[in-house]
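Inside the fold
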Amino acid sequence: MNLLAFDTSTESMSLAVKRSDGLVFKHTAVGGTKTSAQLIPEIMRLLKEAKLSLNLLNAIVISQGPGSFTGVRTACSVAQGLAYGAGILVLPVPTLLAIAEEARFLYESEGPSFEVWALLDARMDQMYAARYLFDHGNWEEKRSPTLMQASDLDLSESFVLAGNVFETYGAELKTMTPEGANICYLSVLPTATALLRLAPVMIQKGFCVDPSQLLPLYVRDKVAKTTLERAEEKFRV
């Protein structure tokens, strides 16, 4: 299949194109506030490099969230517009699943199974979290994407923790780890190439949607504290 994939759910913007002959063309850049201006030009440049046009794609694969509200909305709106114009479907992939897949790909230990907590910084002293099990070539969702504080994470068992939360919550997570528990910390971001690796099985299982049905996966609706909430916090301190 010819596939275009992109992730803009974090401060990094990741794009990749895979041709039916297996060749992959990829690009990574700083995202954030620059994403909306850079995404479409970089997509068109990458397609030109791969000698493909939009109408030759079988699907567009995107990271649908959770993550940066602006980044997630940008990914969905750009995918909708491009897919409508080309008459193709969109494959939305949970951002946390892309993190889990990237961790498996980069750090997979020997053996057919790999279990991981995928964690993404949600700010406001919270993180997005989901638990996945990779077993004999298939991913299984053990805990759906949710919003939690670091203290809510159960570390009583041995786990792989993967994501971008360790600079902020690493010290707290380590103090929570019981003696004898084997916790592996992997700093990983979702990537377009992870989306491409996930795509064939998800497409085969029927997860593609019409562009009109594409929706972001937010998990949290509230993106900022009110002035009153900030004042109350300051008063308590």
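See the structure printed just above.
Residues numbered from 1 in each chain as written. Predicted model: local features only at pLDDT ≥ 70, side-chain atom pairs only at ≥ 80, totals over all residues. Heavy atoms only, no water.

For the rest of this paragraph, the subject is the overall build of the protein chain. Helix and strand counts for the protein chain stand at six helices and 10 strands. Taken against the 2.2 N^0.38 rule, which gives 18 Å for 237 residues, the C-alpha radius of gyration of the protein chain at 18 Å falls within 12% of a compact globule. Seen through its C-alpha atoms, the protein chain measures out along the principal axes to roughly 55 × 50 × 30 Å. In the protein chain, which comprises 237 residues, the share counted as buried stands at 48%. With an accessible surface of roughly 11900 Å², the protein chain has 52% of that area assigned to carbon and sulfur atoms. (Helix = DSSP H or I, 4+ residues; strand = E, 2+ residues; numbered from the N terminus. Rg over C-alpha atoms; globule rule 2.2 N^0.38 Å. Buried < 20%, exposed > 50% of the residue type's maximum accessible area, 1.4 Å probe, protein only. Areas by Shrake-Rupley, 256 points an atom, 1.4 Å probe, with all protein chains shown as cover.)

As enumerated under the stated definition, the model contains nine salt bridges in all. A salt bridge links Glu11 to Arg123, with the shortest nitrogen-to-oxygen separation between them at 3.8 Å. With Glu11 in the loop between β1 (3-7) and β2 (12-18) and Arg123 in strand β6 (residues 113-123), this residue pair connects regions lying 112 residues apart in the sequence. Linking Glu49 and Arg45 is a salt bridge whose minimum nitrogen-to-oxygen distance equals 3.3 Å. (Salt bridge = Lys/Arg side-chain N within 4 Å of Asp/Glu carboxyl O.)

Further remarks concern helix α1 (residues 35-49). For α1, built from 15 residues, the straight-helix expectation of 21 Å at 1.5 Å per residue is met to within 8% by its first-to-last C-alpha distance of 20 Å. For α1, the secondary structure elements touched by its buried residues are β1, β2, β3 (24-30) and α2 (69-86). Phi turns positive one or two residues past the end of α1, at Lys51, with a value near 60°. (Expected span 1.5 Å × (residues − 1). Contact = heavy atoms within 4.5 Å.)

What follows covers the sheet that holds β3. The strand order across the open sheet formed by five strands is β3-β2-β1-β4-β5, and the pairing between neighbours is mixed. Pairing within the sheet leaves two strands with one partner each, and these edge strands are β3 and β5 (89-93). Direction aside, the axes of adjacent strands within the sheet are offset by 15° on average. Of the strand pairs in this sheet, β2 and β3 are connected by seven bridges, and their pairing is antiparallel. Counted as the bridge partner of Met13 is Ala29 from β3. In the packing of α1 onto the sheet, contacts are made with β1, β2 and β3, and the angle to β2 comes to roughly 25°. (Pairing = 2+ DSSP bridges. Axes fitted to C-alpha atoms, helices over the stretch in contact; angles between N-to-C directions.)

On to the packing of helix α3 (residues 95-107) against helix α5 (residues 192-204). Direction vectors running N to C along α3 and α5 enclose 105°, while the axes themselves pass 9 Å from each other. When the interaxial angle is binned, α3 and α5 end up roughly perpendicular. Here α3 contributes Leu97, Ala98, Glu101, Glu102, Arg104 and Phe105 to the contact with α5, which in turn contributes Thr193, Ala194, Leu195, Arg197, Leu198 and Met202. Counted by class, the contact of α3 with α5 contains seven nonpolar, one polar and four charged residues. (Parallel < 35°, antiparallel > 145°, perpendicular 65-115°, else oblique. Nonpolar A, V, L, I, M, F, W, Y, C, P; charged D, E, K, R; others polar.)

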